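Residues per chain, in single letters:
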Amino acid sequence: MNILIINAGSSSLKFQLLNGKFEPLYKGIVDGIGKEKCFVKYNDKTYKKKIRNHEQAVKEALAIIGNIKINAIGHRVVHGGEKYKDAILIDARVQREIEKLSELAPLHNPPNLEGIKACKKLLKDVPNIAVFDTAFHQTIPEQAYTYAIPQKYYKKYGIRRYGFHGTSHKYVADETYRLLGQSNRPGQPPRPGQPPRPGKKIGKIITCHLGNGSSISAVKNGNCIDTSMGFTPLEGVPMGTRSGSIDPAIVYYLMEKEGLTHDEIDNILNKKSGILAVSGFSNDLRDIWVKAKKKNKHALFTLDYMAYKIAMKIGSYAAALDGIDAITFTAGIGQNAWYLRRDICKYLKHLGVRLDPQKNRKSKERIYDKISKVKVFVIKTNEGLQIAKEVKKIINR
Ligand code: ADP
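A. Examining the pairing of strand E8 (residues 128-132) more closely. With five of its five residues buried, E8 lies for the most part within the structure. Here E8 shows two buried faces, one formed by Asn128, Ala130 and Phe132 and the other by Ile129 and Val131. Bridge count for strand E6 (residues 72-77) against E8 is five bridges, and the pairing is parallel. Bridge pairing links Gly74 to Ile129 in E8.

Written out as structure tokens, the structure is:
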């Protein structure tokens, strides 16, 4: 079975073709849809080509893939609201629902839909499956998803915590359970002579997806019980250019003082804040590290600031989970920035977290010391593979 994965953004379309063993056959991107400068990249090739819309972008991807039969298509869809707790086969009703949910994700669901429509048109008999970024977080309890504002707004507009990056959190959580050995008792390796227990997910873990956008989730026995992003991806820990959680009163105070429009304050909080604002020079942690090594005080402050904020979130999830068996770091920063992992874990000593400095420095899969009470992992996220797994489950059903 060959599965095509489509991730359609506002001006880009990422695609990936995986075979039945989930081995990647093609991986590419059409970058700059509707723009003058548009590039097509796949495997190790790049060329320039003007692509007007998402349908043309899908056509281009199909031309690259050539004659290989496609059995199913998995679409990354950002918002599934409260309706979708799992991936689902897209029929006319589901397509309408995704369209309706555009109200909650106006920048993301509309291009996701364009990708779906294009595939339906160009590959008529191939089933399309939606895999939602919010689905994994649909298990979070009411106390975690409720905002303390008049509840009529929840009923009227669906204002609640949804959480994002769910596909990545689910993937790395499942990998963490695998590395924990699926043992019967939390945090314990399988008893000698006994095989791991496949399928059982027992243990309290915290998954840290730290990339340009960052979110942290608390996962208990396979189910997400809390997550740091909220009604939108703006809430939570500070990110590359997003502020993360701030006092909401700052928003209307600034709007009044600076005479800002809705779009201007939105732009400040989403594009001009976070690491970029705290450092004053870059949103990319690699740049911060280069200057921190030269003892630049803004860079050093930014690193400590990020470590503090992330550790505080992990600490609050240790309370939500009533203890932790494992912490997993993933995405661009989580997988690479050993110095940030080191600084985060320094704040978590009271929870019994101890890193092995050499293993951490080399970003090994297991970076904890023998005496650590909490296992700490570095796992490369793979959202494409997770989407393919969900697609296969639905097709086999
Ligand atoms: P996205 O969140 O857009 O999916 P990624 O997960 O790829 O992106 O993360 C991108 C971010 O990861 C970059 O902005 C950069 O700050 C950070 N990053 C990437 N590589 C490294 C590295 N080697 N060291 C530190 N940070 C890195």
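B. Structural context of the side chain of Asp226. Along the chain, Asp226 falls in strand E11 (residues 223-227). Excluding residues that lie within four positions of it along the chain, Asp226 makes contacts with Ile140, Ala144, Arg161, Ile216, Ser217, Ala218 and Tyr317.

C. Summary view of a nonpolar patch on the surface. Taken together, the side chains of Tyr308, Met312 and Tyr347 make up a nonpolar region of the molecular surface, amounting to roughly 270 Å² of accessible area. On the secondary structure map, Tyr347 appears in the loop between helix H13 (338-346) and helix H14 (357-361). Overall, Tyr347 belongs to the partly exposed group, its relative accessible area being 31%.

D. Inspection of the pairing of E11 at higher detail. Extensive coverage of E11 is indicated by the burial of four of its five residues. Note: strand E10 (residues 214-220) against E11, four bridges, orientation antiparallel. If you follow Val219 over to E11, its bridge partner there is Cys224.

E. Representation of the sheet that holds strand E1 (residues 3-8) in the model. The strand order across the open sheet built from eight strands is E5-E4-E3-E2-E1-E6-E8-E7, with neighbouring strands paired in mixed fashion. Edge positions in the sheet fall to strand E5 (45-48) and strand E7 (88-89), since each of these pairs with one other strand and no more. Of the strand pairs in this sheet, E1 and strand E2 (residues 12-18) are connected by six bridges, and their pairing is antiparallel. Note on E2: the bridge partner recorded for Ala8 is Leu13. Across the sheet, helix H3 (residues 109-122) touches E1, E6 and E8, and the angle it forms with E6 is around 170°.

F. Broad picture of the sheet that holds strand E9 (residues 204-210). Pairing in this open sheet of five strands is mixed, and the strands run E11-E10-E9-E12-E13 from one edge to the other. The open sheet has two edge strands, E11 and strand E13 (375-378), and neither has a second partner. Taking the axes of each pair of neighbouring strands and ignoring which way they run, one obtains an average angle of 20° across the sheet. Here helix H6 (residues 166-179) sits on the sheet and contacts E9, E10, strand E12 (326-330) and E13; the angle it forms with E9, its principal contact strand, is near 135°.

G. Expanded view of the confidence of the model for the protein. Looking at the protein as a whole, the pLDDT averages 95, with 95% of positions reaching at least 70. Per-residue pLDDT stays below 50 along residues 183-187; that stretch engages in twelve contacts with residues further than four places along the chain or on separate chains.

Reading the values: the criteria
Residues numbered from 1 in each chain as written. Predicted model: local features only at pLDDT ≥ 70, side-chain atom pairs only at ≥ 80, totals over all residues. Heavy atoms only, no water. Buried < 20%, exposed > 50% of the residue type's maximum accessible area, 1.4 Å probe, protein only. Helix = DSSP H or I, 4+ residues; strand = E, 2+ residues; numbered from the N terminus. Pairing = 2+ DSSP bridges. Contact = heavy atoms within 4.5 Å. Patch = residues over 30% accessible without salt bridge, like charges linked within 9 Å, V, L, I, M, F, W, Y side chains within 5 Å. Areas by Shrake-Rupley, 256 points an atom, 1.4 Å probe, with all protein chains shown as cover. Salt bridge = Lys/Arg side-chain N within 4 Å of Asp/Glu carboxyl O. Axes fitted to C-alpha atoms, helices over the stretch in contact; angles between N-to-C directions. pLDDT = per-residue confidence, 0-100.

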